[in-house]
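These are the residues of each chain, in order.
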Amino acid sequence: MRKVQLVRISEGERQTISRLAQIPTLSIASVSPQKPDMPPIGQKYQELDSDSVATKSTSHKHSLLLRRMWRERWVYALLLPGLLYFLAFYYLPLLGNIVAFQDYSPYLGFFRSPWIGLANFARLFTDPEIGIAIQNTLIISILQILFAFPSGIALALLLNALISERFKRFMQSVLYLPHFLGWVIIISIWQQLFGGDGFLNHFIVGMGGKPIDIITNPDFFKPMVVLQVMWKDSGWSTIIFMAAITAIDTSLYEAAVVDGANKWRRIWHITLPGIRGIIVLLLILRIGNILSTGFEQIFLQRTAVGLNASEVIDTFVYSRALLSGDWGFAAAVALVKTVIAALLVYTANRTVKKFGEAGLY
Amino acid sequence: MERQVYTDMVRWDKPSFLGQSILYLTMLILAVVMLFPFLYVLAVSFSSSRDVADGRLIIFPAHPTLAAYSWVLQGGQFLQGLENSFFLVGIGTAFNMLMTTTMAYALSRRGVPGNKFVLWAVLLTLLIAPGIITKYLVVKQFGLLNTLWALIIPGAILPFNLVVLRQFFLSIPEELIDSAKLDGANDLQILRSIVLPLSKAALAAIALFYAVGHWNSFFDATIYLNNPQLYPVSVILRLLVLQGGQSMTETLTGQTAPPDQTVQMAVVVLAIVPILLIYPFLQKYFTKGVLTGSIKG
Amino acid sequence: MSEESSTKIERDAHNIQSRRQFMRIATLTAGSALLAACGESQNPAPPVPQIPTVAPDAVTATAQASLGKTYFPSPAPGVPEAFTLPLPTFQSVTSAPGRGGTVNVFSITYAAPETPKNMNHYWQELEKRLNVTWNVTYAVGNANYSEKVATLLASGDLPDLFRLNTGIAPSLLQAIQQGAFTDLTPYLTGSALNEYPNLARFPALLWQNVAINGKIYGVPRPFGFTGGTLLYRKDWAQKVGVPNPKNANDFFKLMQGFTKGDPDGNKSADTWGMGFAATGIATHPFFMNMFNVPNQWRVETNGSLTYFLQTNEYKAAVAFMTKMFAAGLFYPNSLTYTGLQIKQAFTAGKIGSFNDGFSTLYDQRTKIKTLNPNADVGILVPFAANPGGKANYWTSRGFLGFTGIPSSVGSNADRVKELLHILDYLAAPTFSLEANFLTLGIDGWDNKMGSQGVKALTPTGTNEIGNLTNLMSGPLVYYYPSEPPLAPVAQEYTRRLLAIGVYNPVDSLVSPTAMKQQATLDTLINDRILRIVRGIDPQSALNDLIKQWMAQGGTQIAHEYAQALHR
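None of these values were measured; they are calculated from a predicted model.

Undergrad: Talk me through the overall build of chain B; I want residue IDs and the actual numbers.
TA: Of regular secondary structure, chain B possesses 13 helices and two strands. Across chain B, the fraction of contacts at a sequence separation of at least 24, relative to all contacts at a separation of at least 6, is 74%. Surface exposure of chain B reaches about 12,500 Å², of which carbon and sulfur atoms provide 67%.

Okay, structure coming up:
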C-alpha cells in the first residue's frame, strides 16, 4: 500500500525541483514514489521551537525547561565526554595565552615573567614587515579559495561521472596519493623538475630556447604555491564531497531522468545542491582561516623569491617569535588571529543565512 | 526498512561516447600528473650511488639495488616504530571515533537546551591554537607524558572533524529518529541502530582523516615522548634521513650509508605504503552509498 | 740511510708492541663486557678496573720519537695535532667518575634510536665505567631543539646534564641570563680546573670563548676553530689552467673555467663554478675573507663597534658576488637548495666549489673518490682580492654547543663536581683508553678490525653507541685511518687558515636587543643582499639596507655590545 507522505521541504528545494520538472505537474514533493522525499544533506528543517509557545509563566517555563532537560538526558550523557575533553585540552591551555601580556620566558614561567601589558600587541602594528605579511597572506588565501577550493568539488563531480566502478576506485586511490607526500619531498621534486638546472629547463635548452625562471621568480610565487596545494590536496578533499554525494537520495536522480533532465542539469540541480551544505560549511571554515597559510611549504621556498613576495603571517611569527624565543609576541599574534577569525566566521555565517542557506550553526 | 542501493548512472541514460572519452582522457592525464612524482620517488629509492651521481631525473634506475631499504631496516628501529604507529592508528582512531561520534550526534540534536552554547564553544576551538608550552604543561599535569596516550588523548577530537560529522548527522531525516523515539528508543540506541548505519560514508571519511593524522603525527611525538622506544614511525624515518646525511667522521663506520637521496626516498616509500594498505578497506564506503529507505506504510 | 731504517724498524717494533698491548686491553675489556651482557646487575658497578696501559711518559716518548713522521704536533694555537698512526693506548682517567647514582642527560640525536639498554652491551659497559645509571632524553634533530628546550624549561623537569646550543636556540641565552643554569666559573678556572685532567687539556681559548659575559655556564664540546671553508676541485683547477689563484681576478678566471671550460670533459655545459645555499649568501665566508670583511663586528680605536654591513670591504665583496652572479658562474639551483643539497651537487660533480665546515674535507674526498677516482678535493685558502690587500679567515668559537648544569641541580657542590668528573671522562683525548671505548665500543662486538689494521664500527656498534655520549668529546685531532697522509695536509691547511684568522669580538657578549632581534635582522639582511647579488636591486640598495638595519635595532645592538665589551 502506498502511503502519501507530505514532507517538509524548504522553499528553495521546492523551487529547484519544479524548475527541474519543467512541466506543470504536481511537484514531486506532493506525490510519493515508494518513499517520501528526503531533502539532501545540509538542508535545515524549520523546527517547531517549543520555546516560542508564549504566554507561559516563568515558573512554568522553568519546570518545562527542567523537564526537557531530563528528557534529553541521553544527549547530555553523549555530550559530556567531548565537553570535558574540550575544557581540558582547549580551554585550559587557552589560559596560557595570558603570556601575550607578558615578556614570557619559559624558565621564569607564568608567575615570574614580567608583565608588559599591550606592548606585544603594539609591536604587531609597528613592525614594518607586518603590512607585507598580511597582504601576501590574504592574496594567497584568496587565490586558494578561488582555485584550490573548487578544484576538490570539480574533481568529485568528475569522479562521480565515471561509469566504470573499477576505474573510479583506481582514480580515487591515485588522487589521494599526493596528500601523503611531505612538503620537503614535494618541493625537492618540484625543484628537480622546474628549477634552474631542472628537467624542464634541460628540455627547453635542448630545443634551443633560453632557460625560464619559475622557482626564483617572485611574481610567480603565489600562483606556484596555489598550484602546489592543488596538486597535493585536491584529491584528498574529494573525500568529504564523495561522502556527501553518496548520501544524496537516488530517487531524486531517477525522478529527474524521468522528467528528461540530462547529465549537466542533474549535476546542477541535484548533485550540487545536494552537497551545498558541506560546501558552505567548508567555505565558511576556510574563510575563517584566511589568515593562515601553510607554514612549511612557504618557509622552504621563500629564500629564492625574497621576503617581499613570500613573507606570510606564519613565517613572520616564526622569525620574530619562535626563533628568538619571544613566546609572548607569538601568543599576541595568535590572539589577534583568533579574534579576526571569529569575526570572519560570524560575518560569513550571517551572510550565508541571509541567502537562505543553512549556516554553521 | 527497505534499502535502496545506489545505482550506477548507466542505468539512467546512455552516456555519450565523446563525453566519456574526454572524461577518461582527463582522468588519465590527472593520474599521470599525480603519479609521476611517486614513480620518481620509487625509482630513486631503488637507485645506487652511480645512478644518482649526476643528479638527473630518474625513471628507471640503471643499477637498481635494495641498499637504501636494507640500510633503513637493518637497525630494527623501523619495526619498533611501526608497532607504535599501529597502536596509534588502531587504538587512537577507535578512541577518536568514539569521542567524535557521540559528541557530533549530541550536537546535532535540535531543541536541546544549552546545545547552541556548547556548539559555539566548540566552533571557537576551530580558531584557537593552544600554545606549545601550555599544552605541554597540561599534558604533563594529566600524567600523560612519555606515554603513547599523550598522542591520543590530547587529540581525541579534532574540531574540524567534529563539525563535519555533525553536518552529516544533521541530514539524517528527522522522521526516522522521531518514529524511533515514539517506539521508546533512547538516544544511545538511536545513535547505534539508526544514525551510524546511515552514515557509513561519513564515518569512513572521518576515520580515514584521524587514521592518517595519527600516522603522520611527528611534532607531538617529539615533544611529549622521551623514551625513543615509543617513537612512532614518522619520527624514526626522519631520524634515519638525518643519520644518512651525516658526514663520515674519520674513525667511524665500516659501512658507508647509501647516498642521502636514496635513503630519503626509501624513507618516503616506507612512510606511505602501510597507510595505503588501509585505504582499500575503507574505499567501499565511498563508492557505494547505503541510503535510507522508506518508512513503509 | 741505515739510521733511517733502524728508526723505521724501531718504530715498527714499537707499533707492533703497542698494537699487542691494544689487543690485550681489548680482550680484557671484551671479557668484562661479556660479563655485563650475561645479566643486568642491580648493584652499583664497581670502579673501572686498572687495566694496564702505557704510562703517560711512554706515550710522550713515543710521540717524541714519531715527531714529524707519524706525529705532527700543533704548530700554532688552535691548530690540532695530526697523526698518521695512532698512539699507544693510555689511560687518561684514574678512577670512575660517578658515585653510583643516576645521571639524566638531555642532548640532540641525529640518528635512529639506540638499542634499548637491557640489550645494549655498550650502554651497560658505559654505565659500569662511569659508575652511574645513564639516561638520555633527546631532541629530534636541530629543528626540534628550540621547542624541546622551551618545554623542559617551562615544566621544570630539568636533567642533570643539559646540552646547550645558543646557535640553534638563541632564546637559551635569555634563560642563562635569568639563572636557569649554574655558574661553573669557580669550578673550571684557575687551579680548580686541574681536578679534571682532560678538561684541563682543552685549549685556553676554548674556555674564553664559551664564557658568556665572563661567566662559564658549561663545558664546551671541542670542534676546532675553523669556520666556513671553501672546498674545491683541484683536478678541475688543474685542467682549466688556474691551479693557483692568487687574487680576485684569478679566482674569477677559475670560476669561469669551471663553468665554461668543461672541466669534467664530458663535452656538455653541465658544470658551474660555485654553489651556495641561499640562506647564507649575505656572509658567504670565502668572499668575506677575500675582501677582509670583519668577522661580524669590528672594534674601532675609540671603542665603538662597526657592523660588517657598514664597512667598505663588505661593499666590495657584494660587488664581486654580483659580478659573479651576472656572469652566470653560480649554480642556478643555489637559490633554492639547502646546504645538504649543495653538498650533494658537489659530490655529483655539478659544481666546482662550495662552502662548508672544514671537516667536510675528508667526507667529500671519500665520497667523490668512490664515484670518480681521479677527483681531487682540496681547500682554497683565502687570498687578498687585490694585490697589496689583506685576506682574513672567519674563525669559529671552537666548540659545538656546551653542557650546562641546571641551577636546581647545581646547588649541591658535590653533585656538580661529580657531573664535571663525568664530563671529564667523556672528554678523554683521542687514542686514550676511554676515548677508544666511547667511539668504538667493545672490541669484537661493536667494532671489528678491518683491512689495513683499522677498526671500524659494526652495524651493531652503530646502533648501540648512537648518540649516547655525543654531548662531549675530546679535543679535535686530525687522524684519518683510511687516508693517513691527509692528516698533516689538513693540519697545514688549518695552520694557514688560522694564521689569517679573525675572531668575532662579541661572541661571548650579550646584547638584550640582539637576543630579540638578531634572527629577524639576519633574515632581512640575507633577503636584501640576495636581491642585490641577483641584480634585482642596484648596489646602492646596500645603503638603504644599512639604514634599515640601524633603525630596526642595529644601532642599539652596537651600543649594547660596545658597553658589554668595555665592562
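Undergrad: Explain the packing of helix 4 (residues 77-108) of chain B against helix 12 (residues 233-244) of chain B to me, and be specific about the residues and the numbers.
TA: The geometry of a pair of packed helices is captured by two quantities: the angle between their axes and the separation between those axes. Residue and element names in this part refer to chain B. One can describe the packing of helix 4 onto helix 12 by two numbers: an axis separation of 7 Å at closest approach and a directional angle of 155 degrees. Between helix 4 and helix 12, the interaxial angle falls into the category roughly antiparallel. On helix 12, the residues that touch Gln77, Phe78, Gly81, Leu82 and Ser85 of helix 4 are Val233, Ile236 and Leu237. Here the residues of the contact of helix 4 with helix 12 sort into five nonpolar, three polar and no charged.

Undergrad: I'd love a proper account of the interface of chain A and chain B, names of residues and values included.
TA: The partner chain B presents 104 residues to the 93 residues of chain A that form the contact. At the boundary of chain A with chain B, total buried surface from both sides reaches about 9,800 Å², with 74% on carbon and sulfur atoms. At the surface where chain A touches chain B, the tally comes to zero salt bridges. The interface formed by chain A and chain B holds 10 residue pairs in polar contact (both at pLDDT 80 or more) in total. Per element, the largest residue contribution to the side of chain A that touches chain B is 17 residues, and it comes from helix 3 (residues 73-94) of chain A. Tallied by class, residues from the side of chain A that touches chain B come to 67 nonpolar, 14 polar and 12 charged.

Undergrad: Account for helix 11 (residues 250-258) of chain A, naming residues and giving values.
TA: Looking at helix 11 of chain A, one finds that the buried residues are A:Thr250, A:Ser251, A:Leu252, A:Tyr253 and A:Ala256. Trailing helix 11 of chain A by a residue or two, A:Gly260 shows a phi angle of about 90 degrees, which is positive.

Undergrad: Give a detailed account of the interface of chain B and chain C, specifying residues and quantitative values.
TA: It is common to give the size of an interface as the accessible area lost on bringing the parts into contact. Contacts between the two partners involve 41 residues from chain B, matched on the other side by 43 residues from chain C. Of the roughly 3,600 Å² buried at the junction of chain B and chain C (both faces included), carbon and sulfur atoms supply 60%. Linking chain B to chain C there are one salt bridge. Of the charged contacts, one joins C:Asp157 and B:Lys140 as a salt bridge, the two residues approaching to 3.2 Å between their closest N and O atoms. Taken together, chain B and chain C are joined by 12 residue pairs in polar contact (both at pLDDT 80 or more). Elements represented by at least two residues in the side of chain B that touches chain C include exactly helix 2 (49-52), helix 6 (132-141), helix 11 (219-224), helix 12 and helix 13 (260-287) of chain B. Take the side of chain B that touches chain C: its biggest share by element is six residues, from helix 12 of chain B. Of the residues that constitute the side of chain B that touches chain C, the class distribution is 19 nonpolar, 17 polar and five charged.

Undergrad: Provide a residue-level description of the nonpolar core, including the pertinent values.
TA: All names here are of chain C. In terms of nonpolar packing, the biggest core is built from 258 residues, with Trp134, Tyr145 and Leu188 touching the most fellow members. If we skip the residues at most four places from it in the chain, tryptophan 134 touches Val103, Val105, Lys117, Trp123, Leu126, Glu127, Leu161, Ile422, Leu426, Leu468, Thr469 and Leu471. Residues Phe330, Ala514, Leu530 and Ile557 belong to the second largest nonpolar core, which totals 61 residues.

Undergrad: I'd like a description of the sheet that holds strand 6 (residues 219-222) of chain C, backed by residues and values.
TA: Residue and element names in this part refer to chain C. Overall, mixed pairing links the five strands, which are arranged 4-3-5-13-6 in an open sheet. Both outer strands of the open sheet, strand 4 (133-140) and strand 6, are each paired with one neighbouring strand and no more. Within the sheet, the average angular offset between the axes of one strand and its neighbour, ignoring direction, is 25 degrees. Taken together, the two bridges between strand 3 (residues 102-109) and strand 5 (residues 161-164) define a ladder with parallel strand orientation. Pairing of valine 105 across the sheet is with leucine 161, part of strand 5. Sheet contacts for helix 4 (residues 141-155): strand 3, strand 4 and strand 5; angle to strand 4, the most-contacted strand, approximately 115 degrees.

Undergrad: Quick one: what's the story with the sheet that holds strand 2 (residues 81-83) of chain C, residue by residue and with numbers?
TA: What links the strands of a sheet is backbone hydrogen bonding, and the strands pair in either a parallel or an antiparallel sense. Residues and elements named next belong to chain C. The strand order across the open sheet formed by three strands is 1-2-16, and the pairing between neighbours is mixed. Sheet topology places strand 1 (71-72) and strand 16 (477-479) at the edges, where each strand pairs with a single neighbour. As defined by bridge partners, strand 2 adjoins strand 16 across three bridges and the pair is classed as parallel. Paired with phenylalanine 83 across the strands is tyrosine 479, a residue of strand 16.

Undergrad: Got a sec to walk through helix 14 (residues 296-305) of chain A? Specific residues and values, please.
TA: Residues and elements named next belong to chain A. Looking only at helix 14, the buried set comprises Gln297, Ile298, Gln301, Arg302, Ala304 and Val305. Looking straight down helix 14, one finds that the buried residues subtend no more than 150 degrees of arc, so they occupy a single side. Glycine 306 occupies a position one or two residues after helix 14 and carries a positive phi of about 90 degrees.

Undergrad: An account of the domain arrangement of chain B is needed here, citing residue identities and associated values.
TA: Residues and elements named next belong to chain B. For chain B, the assigned domains are domain 1 (17-65) and domain 2 (75-296). The interface of domain 1 with domain 2 comprises 10 residues on the first partner and eight residues on the second. Taken together, the two surfaces of domain 1 and domain 2 that pack against each other cover about 660 Å², and 87% of this comes from carbon and sulfur. For the domain 1 face of the interface with domain 2, the top three residues by lost area are Val41, Ser45 and Val52, together amounting to 52%. Inspection of the region where domain 1 meets domain 2 yields zero salt bridges. Scanning the region where domain 1 abuts domain 2 turns up zero residue pairs in polar contact (both at pLDDT 80 or more). When contributions to the side of domain 1 that touches domain 2 are tallied by element, the ones reaching two or more residues are helix 1 (17-45) and helix 2. When residues of the side of domain 1 that touches domain 2 are assigned to their parent elements, the largest contribution, six residues, is made by helix 1. When its residues are assigned to classes, the side of domain 1 that touches domain 2 shows six nonpolar, four polar and no charged.

Undergrad: Give me the packing of aromatic side chains: which residues, what numbers.
TA: All names here are of chain A. For the coordinates displayed, the defined rule picks out 55 aromatic pairs over all chains. With 5.3 Å between their ring centres and 40 degrees between their planes, phenylalanine 101 and phenylalanine 121 make a pair best called tilted. Of this pair, phenylalanine 101 sits in the loop between helix 3 and helix 4 (109-112) while phenylalanine 121 sits in helix 5 (residues 119-126); the two residues are 20 residues apart in sequence, bridging distant segments of the chain. Using a relative accessible area of 27% as the deciding quantity, one classes phenylalanine 101 as partly exposed.

Undergrad: I'd like a rundown of the pattern of salt bridges, residues and numbers included.
TA: Residue and element names in this part refer to chain C. Tallied over the entire structure, the rule returns 28 salt bridges over all chains. The closest approach of N and O atoms between arginine 365 and aspartate 376, which form a salt bridge, is 3.1 Å. One end of the pair, arginine 365, is in helix 14 (residues 360-371); the other, aspartate 376, is in the loop between helix 14 and strand 11 (377-380), with 11 residues separating them in the sequence. Judged by its relative accessible area of 13%, arginine 365 falls in the buried class.

Undergrad: Account for unusual backbone geometry, naming residues and giving values.
TA: Its identity is not glycine, yet B:Asn146 carries a phi of approximately 65 degrees, on the positive side. What makes B:Asn146 partly exposed here is its relative accessible area of 30%. Although it is not a glycine, C:Lys267 sits at a positive phi angle of roughly 65 degrees. Looking at the element boundaries, C:Lys267 is found in the loop between helix 10 (248-260) and helix 11 (285-290).

About the cut-offs
Residues numbered from 1 in each chain as written. Chains lettered and ligands numbered in written order. Predicted model: local features only at pLDDT ≥ 70, side-chain atom pairs only at ≥ 80, totals over all residues. Heavy atoms only, no water. Helix = DSSP H or I, 4+ residues; strand = E, 2+ residues; numbered from the N terminus. Contact = heavy atoms within 4.5 Å. Areas by Shrake-Rupley, 256 points an atom, 1.4 Å probe, with all protein chains shown as cover. Axes fitted to C-alpha atoms, helices over the stretch in contact; angles between N-to-C directions. Parallel < 35°, antiparallel > 145°, perpendicular 65-115°, else oblique. Nonpolar A, V, L, I, M, F, W, Y, C, P; charged D, E, K, R; others polar. Buried area = accessible area lost by both parts, 1.4 Å probe. Salt bridge = Lys/Arg side-chain N within 4 Å of Asp/Glu carboxyl O. Polar contact = N/O pair within 3.5 Å; in protein donor to acceptor, adjacent residues only side chain to side chain. Buried < 20%, exposed > 50% of the residue type's maximum accessible area, 1.4 Å probe, protein only. Core = buried A, V, L, I, M, F, W, Y, C linked by side-chain atoms within 4.5 Å. Pairing = 2+ DSSP bridges. Arc of directions from axis to C-beta. Domains from an automatic or database assignment. Phe/Tyr/Trp six-rings, centres within 6.5 Å; stacked < 30°, edge-to-face > 60°.

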